[in-house]
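Each chain is listed here by its residues.
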Amino acid sequence: MFRKLIYIVISALLLFSCGGNGDGGKTKLVFKVGKVAGQSGYLAQIVEEFENENPGVDVVLEILPSITDQQHQFYITSLEGGSSDFDVFALDVIWVPEFALAGWLESLEGKFTDEQLANFLPGPLKADTYNGELYAVPWYVDGGVLYYREDLLQKYNVKPPDTFAGLKQAARKIMKGEDNSKLAGFIWQGKQYEGLVCSALEFIEGNCAGILDDGGNPVINSERAIEALAFMKQLIDDGIAPEYVTTTDEEATRHSFGNGNVIFMRNWPYAYNIFNTEGSKVKDKVAVKTMPHFEGCESASTLGGWQLGINKFSKHKDWAWKFIEFMSRYETQKKMALNVGLKPSRKDVYSDEDLVKQQPFMAELLNTLLQAVPRPVSPYYPQISLVLQAKFSEVLSGSSSAEQALNEAQTRLTEIINRRK
Amino acid sequence: MESRFGYLLIIPALLTIAVVAIYPIIDVFILSLYERFLTLGIDEFTGLNNYLKLVNDARFWNALKNTAVFTFFSVSLELILGMAVALFINRPFSLQGLIRAAVLLPWAVPTVVSAKIWAWIFNTDLGILNYALLNFGLIDADLNWLGSTGYAMAAAITVDVWKTTPFAALLLLAGLQVIPDDLYKAASVDGASRWQKFRHITIPHLKPVIMIVLLFRTLDAFRVFDAIYILTGGGPANSTETLSVYAYKILFQTLDFGYGSTIAVSVFAAVMLISIGYISILKRRGGLLS
């Protein structure tokens with residue numbers, strides 16, 4: 001009996017070891033990518049199409065957890081050790097300068113002609129360029145958008161607001177009329193994490209202010225930035241934004257809005273398709289528009305999304321580039337958009353007939369994404385963000401005034417940036 | 001000759017400890033004397049600069065305060081509740097095995113999973129806690145559990161207590177079972193009340209176990225990371241940011257390895273002090289280690 005068991009174990013081991021290199025001379029290309037809800041299955045299909053087109057290569061899809069920080073940490077640990085375990089990987093839009101400076105990304109300068117590059121949205125391209133060189137190719141794009149309950153706005157004869165003041169007025173009118181204590185006027189991502197910086201940046205830039213100026217110097221305590229933050233806090237104090245906005249991440253806001261408890265919500269485009277699936281409480285009641293702005297300024301949408309880059313230590317860089325080229329093609333991007341709802345990084349796909357028919361809000365979205373601004377393109381961004389997350393959270397939870405918190409943030413940011421100059 | 005052979009035999013064990021415990025500790029200490037940013041290409045020796053920075057870092061002191069508050073309340077509650085649970089399941093009753101296993105359930109769930117579940121329970125708008133409290137008429141409006149500086153720490157402590165009380169109960173139960181029954185019988189003959197038996201038999205006999213529970217739980221609670229990271233990320237306004245959460249952010253989000261290591265060393269030093277304190281009490285009281 002015991003001997004039999006040993007035979008079974010040994011033959012099983014042999015089987016496994018054959019599986020590892022049994023594909024007979026094919027190049028193994030490893031593609032690392034974070035899990036995005038519902039995406040992985042379809043991604044495998046797309047990868048298979050690439051393999052059919054290129055019989056010499058076997059692409060291994062390796063999925064990382066969906067939490068961005070964990071992916072960041074994974075890449076840093078393995079790249080710092082010079083790992084060549086993966087060839088192509090998906091990078092969050094804020095990592096490119098950091099990884100490029102560290103020498104972990106293969107430069108992609110000159111791989112695409114200027115004409116080809118012009119097909120991509122300008123925001124992500126800017127974020128993927130460091131010191132004048134392109135280090136990654138935009139794969140799919142995200143940008144903050146304003147979701148609103150079209151049915152409620154129509155019921156109260158309110159036009160979708162263009163300005164924050166207009167939004168406040170509209171929310172107040174509807175909340176008064178509905179008389180439902182559960183109904184919140186406006187929510188955004190307000191938990192102390194990266195999402196808070198993304199949300200707040202839209203208020204700040206929407207008031208003609210910013211975090212860094214063009215020369216890379218901090219300007220976060222400008223009068224207009226303080227005004228924008230104070231406005232966010234005022235929304236909570238006036239009961240337009242619920243107090244729980246200090247706890248919300250993307251999914252928490254999506255669930256509250258999807259449950260019919262919210263009139264206006266700032267979120268990424270992914271939620272739209274979920275709201276319109278069968279069984280959703282807000283099906284056919286949701287519309288999307290560009291984020292509001294303050295009087296006299298323009299709307300800003302924080303750029304998110306994922307880029308494809310090549311591991312500097314990869315041993316299959318030619319295949320890696322071929323793969324990136326394939327993933328950023330018109331046809332591939334169209335399929336990803338139609339089947340998984342990812343937003344293409346190419347401008348031309350947004351006017352695709354099939355896509356517009358299926359997702360009519362694409363045209364509106366393109367306007368938003370054309371205005372999308374990267375978070376400060378700086379290798380210091382992670383440190384900057386850590387300070388801002390805490391300071392913005394202080395303002396929203398009422399432990400400091402906007403002025404005090406941003407003055408302190410300015411001091412900290414100046415220290416960070418001046419440390420090496 | 002024989003003693004030399006004995007030393008030879010423990011070399012593998014010593015080597016293992018040196019490689020997995022002592023080397024990393026020394027390495028972190030050395031790192032704390034450097035300014036090192038892998039992604040920025042900065043790597044230079046700066047002596048005690050990082051420690052100077054630590055002393056002047058308000059966020060560090062805030063994190064230390066939060067850690068102390070968290071540790072004190074969660075460990076005290078765990079000991080009290082764990083004692084109650086242990087006394088309860090120590091008595092013979094039907095379904096004893098089943099109940100004992102059920103009590104351990106929270107301890108068996110990975111912290112990440114239980115923290116995520118609790119985050120939804122505490123969700124202000126959609127969570128079951130507010131729903132229940134509202135329906136029972138205990139509150140008039142939703143409470144902002146994880147989002148107000150007043151409640152967030154209490155919520156985090158609740159999650160830790162829920163999770164680790166079974167651990168305390170388990171150790172205390174083991175302690176209860178080695179107390180000889182004769183003592184209680186003799187006390188009964190002498191006419192002792194239940195409280196007197198608890199006060200004069202149970203507590204003195206349990207003392208070493210209680211100290212062990214306190215030691216383990218204090219060390220664990222002092223390094224709390226996962227539950228808080230998932231529940232609140234340290235917010236709002238850093239009100240739940242503990243030393244480990246802060247160290248994690250500095251080390252892994254900003255990649256400031258030098259300063260991050262400095263915070264880690266401070267956690268290590270604090271944990272060492274706590275251990276030494278407990279162990280010396282244990283020794284003085286003539287507990288397990290005497």
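Residues numbered from 1 in each chain as written. Chains lettered and ligands numbered in written order. Predicted model: local features only at pLDDT ≥ 70, side-chain atom pairs only at ≥ 80, totals over all residues. Heavy atoms only, no water.

Engineer: Could you give an account of the domain arrangement of chain A, with specific residues and numbers?
Structural biologist: All names here are of chain A. Domain annotation for chain A reports domain 1 (22-143 + 303-373) and domain 2 (145-302 + 377-418). On the side of domain 2, 20 residues touch domain 1, which itself brings 22 residues to the contact. For the pair domain 1 and domain 2, the summed buried surface comes to about 1,800 Å²; carbon and sulfur atoms form 66% of the total. Linking domain 1 with domain 2 are 0 salt bridges. Counting across the domain 1 and domain 2 interface gives 5 residue pairs in polar contact (both at pLDDT 80 or more). Here the side of domain 1 that touches domain 2 is composed, by residue class, of 10 nonpolar, 7 polar and 5 charged. (Domains from an automatic or database assignment. Contact = heavy atoms within 4.5 Å. Buried area = accessible area lost by both parts, 1.4 Å probe. Salt bridge = Lys/Arg side-chain N within 4 Å of Asp/Glu carboxyl O. Polar contact = N/O pair within 3.5 Å; in protein donor to acceptor, adjacent residues only side chain to side chain. Nonpolar A, V, L, I, M, F, W, Y, C, P; charged D, E, K, R; others polar.)

Engineer: Describe the sheet that holds strand β8 (residues 184-187) of chain A, and please don't skip the residues or the numbers.
Structural biologist: All names here are of chain A. The strand order β8-β9-β7-β10 describes an open sheet built from 4 strands, whose pairing is mixed. A single partner strand is all that each edge strand has here, and the edge strands are β8 and β10 (286-289). Averaged over all adjacent pairs, the angle separating strand axes in this sheet is 15 degrees, with direction ignored. Here helix α11 (residues 250-258) sits on the sheet and contacts β7 (145-149), β8, β9 (262-267) and β10; the angle it forms with β9, its principal contact strand, is near 155 degrees. (Pairing = 2+ DSSP bridges. Helix = DSSP H or I, 4+ residues; strand = E, 2+ residues; numbered from the N terminus. Axes fitted to C-alpha atoms, helices over the stretch in contact; angles between N-to-C directions.)

Engineer: Please set out empty space enclosed by the protein residue by residue, giving values where relevant.
Structural biologist: Residue and element names in this part refer to chain A. Summed over the entire model, instances satisfying the criterion amount to 3 cavities of 30 Å³ or more. Here the largest cavity defines a volume of roughly 70 Å³. Along its surface, the largest cavity is lined by Val-93, Ile-94, Pro-97, Ala-127, Leu-303, Pro-374, Arg-375, Pro-376, Val-377, Ser-378 and Tyr-381. Across the lining of the largest cavity, the residue classes break down as 9 nonpolar, 1 polar and 1 charged. Split by domain, the residues of the lining of the largest cavity number at least three in each of domain 1 (22-143 + 303-373) and domain 2 (145-302 + 377-418). Lining the second largest cavity, in full, are Trp-139, Tyr-140, Gln-333, Met-336, Ala-337, Leu-342, Lys-343 and Pro-344. At the level of elements, β6 (137-143), α14 (330-340) and β12 (343-344) are the ones that each hand at least two residues to the lining of the second largest cavity. When residues in the lining of the second largest cavity are grouped by element, the largest group, 3 residues, is from α14. Here the lining of the second largest cavity is composed, by residue class, of 6 nonpolar, 1 polar and 1 charged. (1 Å grid on protein atoms, 1.4 Å probe; cavity = no way out; pocket = protein on both sides within 12 Å on 5 of 7 lines; lining within 4 Å. Points joined across faces, edges and corners; volume = space filled by probe spheres on them.)

Engineer: I'd like a description of a nonpolar patch on the surface, backed by residues and values.
Structural biologist: All names here are of chain B. Judged by side-chain polarity, Tyr-7, Ile-10, Leu-14, Ile-17, Ile-22, Ile-26, Phe-29 and Ile-30 come together as a nonpolar surface patch covering roughly 770 Å² of accessible area. Structurally, Ile-22 can be placed in helix α1 (residues 2-31). Using a relative accessible area of 45% as the deciding quantity, one classes Ile-22 as partly exposed. (Patch = residues over 30% accessible without salt bridge, like charges linked within 9 Å, V, L, I, M, F, W, Y side chains within 5 Å. Areas by Shrake-Rupley, 256 points an atom, 1.4 Å probe, with all protein chains shown as cover. Buried < 20%, exposed > 50% of the residue type's maximum accessible area, 1.4 Å probe, protein only.)

Engineer: Which residues make up the pattern of salt bridges, and what values do they have?
Structural biologist: Should their charged atoms come close, side chains of opposite charge can pair. Following the criterion strictly, the structure yields 30 salt bridges over all chains and no others. Where Asp-352 of chain A meets Lys-334 of chain A, a salt bridge forms, and the shortest distance between an N and an O atom there is 3.4 Å. Of the two residues, Asp-352 of chain A sits in the loop between β12 and α15 (353-358) while Lys-334 of chain A sits in helix α14, which places them 18 residues apart along the sequence. Grouping residues by exposure puts Asp-352 of chain A and Lys-334 of chain A together as buried. Among the ionic contacts, a cluster of salt bridges with common partners joins Glu-78, Asp-160, Arg-217, Asp-220 and Arg-223 of chain B.

Engineer: Go over the pairing of strand β1 (residues 27-34) of chain A with me, naming the residues and quoting the values.
Structural biologist: All names here are of chain A. Burial analysis of β1 places 7 of its 8 residues in the buried class, which makes it a mostly covered element. Of the strand pairs in this sheet, β1 and strand β2 (residues 57-64) are connected by 8 bridges, and their pairing is parallel. Bridging from a neighbouring strand, Leu-29 pairs with Val-59 of β2. Note: β1 against strand β3 (residues 88-92), 2 bridges, orientation parallel. Paired with Phe-31 across the strands is Val-88, a residue of β3.

Engineer: Before we move on, could you go through the side chain of Arg-254 of chain A and cite the residues and values that matter?
Structural biologist: All names here are of chain A. Relative to the helices and strands, Arg-254 is located in helix α11. The exposure class of Arg-254 is buried, given its relative accessible area of 13%. In this view, Arg-254 contacts Met-265, Asn-267, Tyr-270, Ala-271, Ile-274 and Phe-275; residues no more than four positions away in its chain are not counted.

Engineer: Let's hear about α11 of chain A: which residues, and what values?
Structural biologist: Each α-helix turn comprises 3.6 residues. Residues three or four places apart therefore point the same way. What α11 of chain A keeps buried is the set Ala-252, Thr-253, Arg-254, Ser-256, Phe-257 and Gly-258 of chain A. Tucked into the core, α11 of chain A has its buried residues touching β7, β8, β9, α12 (271-275) and β10 of chain A together with α6 (111-122) of chain B. In the stretch just after α11 of chain A, Gly-260 of chain A is the one whose phi turns positive, near 85 degrees.

Engineer: Could you give an account of the packing of aromatic side chains, with specific residues and numbers?
Structural biologist: Taken as a whole and assessed by the stated rule, the structure comprises 42 aromatic pairs over all chains. Taking 6.4 Å as the distance between ring centres and 20 degrees as the angle between the ring planes, the aromatic pair formed by Phe-167 of chain B and Phe-216 of chain B counts as stacked. Of this pair, Phe-167 of chain B sits in helix α8 (residues 152-177) while Phe-216 of chain B sits in helix α10 (residues 194-222); the two residues are 49 residues apart in sequence, bridging distant segments of the chain. Phe-167 of chain B gets classed as buried once you look at its relative accessible area, which sits at 16%. Classification of Phe-216 of chain B by relative accessible area gives partly exposed; the value is 42%. Ring geometry for Trp-195 of chain B versus Phe-198 of chain B: centroids 5.8 Å apart, planes at 40 degrees, classification tilted. Of this pair, Trp-195 of chain B and Phe-198 of chain B both sit in helix α10, 3 residues apart, roughly one helical turn. Taken together, the ring pairs in this structure connect Phe-74, Tyr-75, Phe-86, Phe-89, Trp-95, Phe-99, Trp-104 and Trp-306 of chain A into an aromatic cluster. Positioned above the aromatic ring of Trp-268 of chain A, the side-chain terminus of Arg-266 of chain A is 4.3 Å from the ring centre. For the cation-ring pair, Lys-163 of chain B lies above Trp-107 of chain B, with the distance from its terminal atom to the ring centre recorded as 5.4 Å. (Phe/Tyr/Trp six-rings, centres within 6.5 Å; stacked < 30°, edge-to-face > 60°. Lys NZ or Arg CZ within 6 Å of the ring centre and 35° of its normal.)

Engineer: Describe the interface of chain A and chain B, listing the residues and the values that go with them.
Structural biologist: Contacts between chain A and chain B engage 35 residues on the former and 39 residues on the latter. Summed over the shared surface of chain A and chain B, the number is 2 salt bridges. Lys-182 of chain A is the salt-bridge partner of Asp-125 of chain B, the closest N and O atoms lying 3.4 Å from each other. Where chain A meets chain B, there are 15 residue pairs in polar contact (both at pLDDT 80 or more). Of all elements in the fold, only α3 (68-80), α4 (96-102), α11 and α17 (381-396) of chain A reach the threshold of two or more residues within the side of chain A that touches chain B. Among the elements that take part in the side of chain A that touches chain B, α17 of chain A stands out by supplying 7 residues, more than any other.

Engineer: So what's going on with the packing of helix α3 (residues 58-90) of chain B against helix α12 (residues 243-253) of chain B? Which residues, and what values?
Structural biologist: Residues and elements named next belong to chain B. Interaxial distance between α3 and α12 falls to 8 Å at its minimum, and their mutual angle equals 140 degrees. Classified by the angle between their axes, α3 and α12 sit oblique to one another. In this structure, α3 uses Arg-59, Phe-60, Ala-63, Leu-64 and Thr-67 to contact α12, whose residues at the interface are Leu-243, Tyr-246 and Lys-249. Here the residues of the contact of α3 with α12 sort into 5 nonpolar, 1 polar and 2 charged. (Parallel < 35°, antiparallel > 145°, perpendicular 65-115°, else oblique.)

Engineer: Could you give an account of the layout of surface pockets, naming the residues involved and the relevant values?
Structural biologist: Of the volumes computed, that of the second largest pocket is approximately 660 Å³. Taken together, 24 residues form the lining of the second largest pocket, with Arg-412 of chain A together with Asp-57, Ala-58, Arg-59 and Tyr-246 of chain B sitting closest to its centre. Counting residues per element, the ones that place at least two in the lining of the second largest pocket are α17 and α18 (402-418) of chain A together with α3 and α12 of chain B. No other element matches the 6 residues that α17 of chain A contributes to the lining of the second largest pocket. Tallied by class, the residues present in the lining of the second largest pocket amount to 9 nonpolar, 5 polar and 10 charged.

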